[in-house]
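Take a look at the letters that make up each chain.
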Amino acid sequence: MAAKIPIRLTKEPLLEAIWEIRFTASEQSVAELLPGVLFERLGQRYRKLVKLPAWYIPPHLADQDPSLANSPKIRLENANQAILVGDRVIALSCRRPYSGWTKFSADIRALAEVVHTTGLVQKLDRFSLQCIDLLQVPQEIGIDCLDVKLKLAQREVHAEPVHLRTEIQDNGLVHLVQIISPAEVKMPHTQERLKGVLVDIDSIQLLGNEDSWELAEQRLDQVHTACKQLFFGLLTPETLRGLDPQYEE
């Protein structure tokens, strides 16, 4: 792992950062009740409302499948940010161009405060920070740009296609790490297609019955730091230099 973490990368590889919190609701149909409050309390920053596929799934069917129960039903959009709302989940997404952790974390805290004061959340279950990066390496696309060694049947994997998913537990966090090489991503607004190595890190903090909103807020920066350290620990020195890192003086 790199001894010193950059404060920024001139060639930003981040495609999207997503903060998500899952909860047990005190009321049914949170996805129907919450958007109006968000419109009022956040100064109508998120003006465009989009109903997602989960909106059309009957609640009794969604409750039988955890993946559906935790799926957002509505997206409120504002430029490169969006609020995602479900009956048991709320998330804030920031797409490229990334606004930086100072602004994004402030927006997370503002959103969390609004949701907290509604009384719609009975108990917090977990929160997570997911960072999806695309490394557009100049050399032949492969996992050699990462500090990853993969060997199958005495054969070392370099430029061959790879889809790797694993879990890393560290200091009470669970990091879900996914690496896809090669990967191709179509940017939503420009329709530009980018190719490279996708690194997806979802850092999860489980919360107990006694854990509060205040504790989740306090741990937000810690989870961000842990996710950031894991990402930079995956980069080889050559890959990091290619991203033009900037450090504190």
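Predicted, not measured: the structure shown is a model, and the values here were computed from it.

(A) Inspection of the overall build of the protein at higher detail. Scanning the protein from N- to C-terminus turns up 6 helices and 13 strands. Relative to the globule expectation of 18 Å for 249 residues, the C-alpha radius of gyration of the protein, 19 Å, shows essentially globular dimensions. Considering only C-alpha atoms, the protein reaches an extent of 55 × 45 × 40 Å along its principal axes. Taking all 249 residues of the protein together, 45% fall into the buried category. Here the contacts in the protein between residues at least 6 apart in sequence split such that 68% fall between residues at least 24 apart. Surface accessibility of the protein: about 13,700 Å² in total, with carbon and sulfur atoms responsible for 50%.

(B) Just empty space enclosed by the protein, in detail. Taken as a whole and judged by the stated rule, the model has 1 cavity of 30 Å³ or more. What the largest cavity holds in volume is close to 40 Å³. Every residue along the wall of the largest cavity is listed here: Leu-42, Arg-45, Tyr-46, Ile-83, Leu-92, Asp-107, Ala-110 and Leu-111. The residue makeup of the lining of the largest cavity, split by class, is 6 nonpolar, no polar and 2 charged.

(C) The side chain of Asp-200, seen in detail. Relative to the assigned elements, Asp-200 resides in strand 12 (residues 193-206). Of the side chains with opposite charge, Arg-165 comes closest to the buried, unpaired Asp-200, at an N-O distance of 8.2 Å. A distance of 3.0 Å separates a polar atom in the side chain of Asp-200 from a polar atom in the side chain of Gln-130. Setting aside residues no more than four positions away along its own chain, Asp-200 makes contact with Gln-130, Cys-131, Ile-132, Leu-176, Val-177 and Gln-178.

(D) Representation of unusual backbone geometry in the model. Following Arg-96, the chain continues to Pro-97 via a peptide bond in cis, the omega torsion being 5°. As for its placement among the helices and strands, Pro-97 is situated in the loop between strand 6 (89-95) and helix 4 (101-118). The backbone phi angle of Ala-79 is positive, close to 50°, even though this residue is not glycine. In this structure, Ala-79 sits in the loop between strand 4 (74-78) and strand 5 (81-85).

(E) The arrangement of the pattern of salt bridges in detail. Evaluation of the coordinates by the stated rule reveals 13 salt bridges. The closest approach of N and O atoms between Glu-20 and Arg-22, which form a salt bridge, is 2.8 Å. On the accessibility criterion, Arg-22 (23% relative accessible area) is partly exposed. Among the ionic pairs, Arg-109 bridges to Glu-217, the shortest N-O distance being 2.4 Å. Of this pair, Arg-109 sits in helix 4 while Glu-217 is found in helix 5 (residues 213-234), placing the two residues 108 residues apart along the sequence. The partly exposed category is assigned to Arg-109, whose relative accessible area is 25%. Taking relative accessible area as the criterion, Glu-217 reaches 36% and is therefore assigned partly exposed.

Reading the values: the criteria
Residues numbered from 1 in each chain as written. Predicted model: local features only at pLDDT ≥ 70, side-chain atom pairs only at ≥ 80, totals over all residues. Heavy atoms only, no water. Helix = DSSP H or I, 4+ residues; strand = E, 2+ residues; numbered from the N terminus. Rg over C-alpha atoms; globule rule 2.2 N^0.38 Å. Buried < 20%, exposed > 50% of the residue type's maximum accessible area, 1.4 Å probe, protein only. Contact = heavy atoms within 4.5 Å. Areas by Shrake-Rupley, 256 points an atom, 1.4 Å probe, with all protein chains shown as cover. 1 Å grid on protein atoms, 1.4 Å probe; cavity = no way out; pocket = protein on both sides within 12 Å on 5 of 7 lines; lining within 4 Å. Points joined across faces, edges and corners; volume = space filled by probe spheres on them. Nonpolar A, V, L, I, M, F, W, Y, C, P; charged D, E, K, R; others polar. Lys, Arg positive; Asp, Glu negative; His and termini not counted. Salt bridge = Lys/Arg side-chain N within 4 Å of Asp/Glu carboxyl O. Polar contact = N/O pair within 3.5 Å; in protein donor to acceptor, adjacent residues only side chain to side chain.

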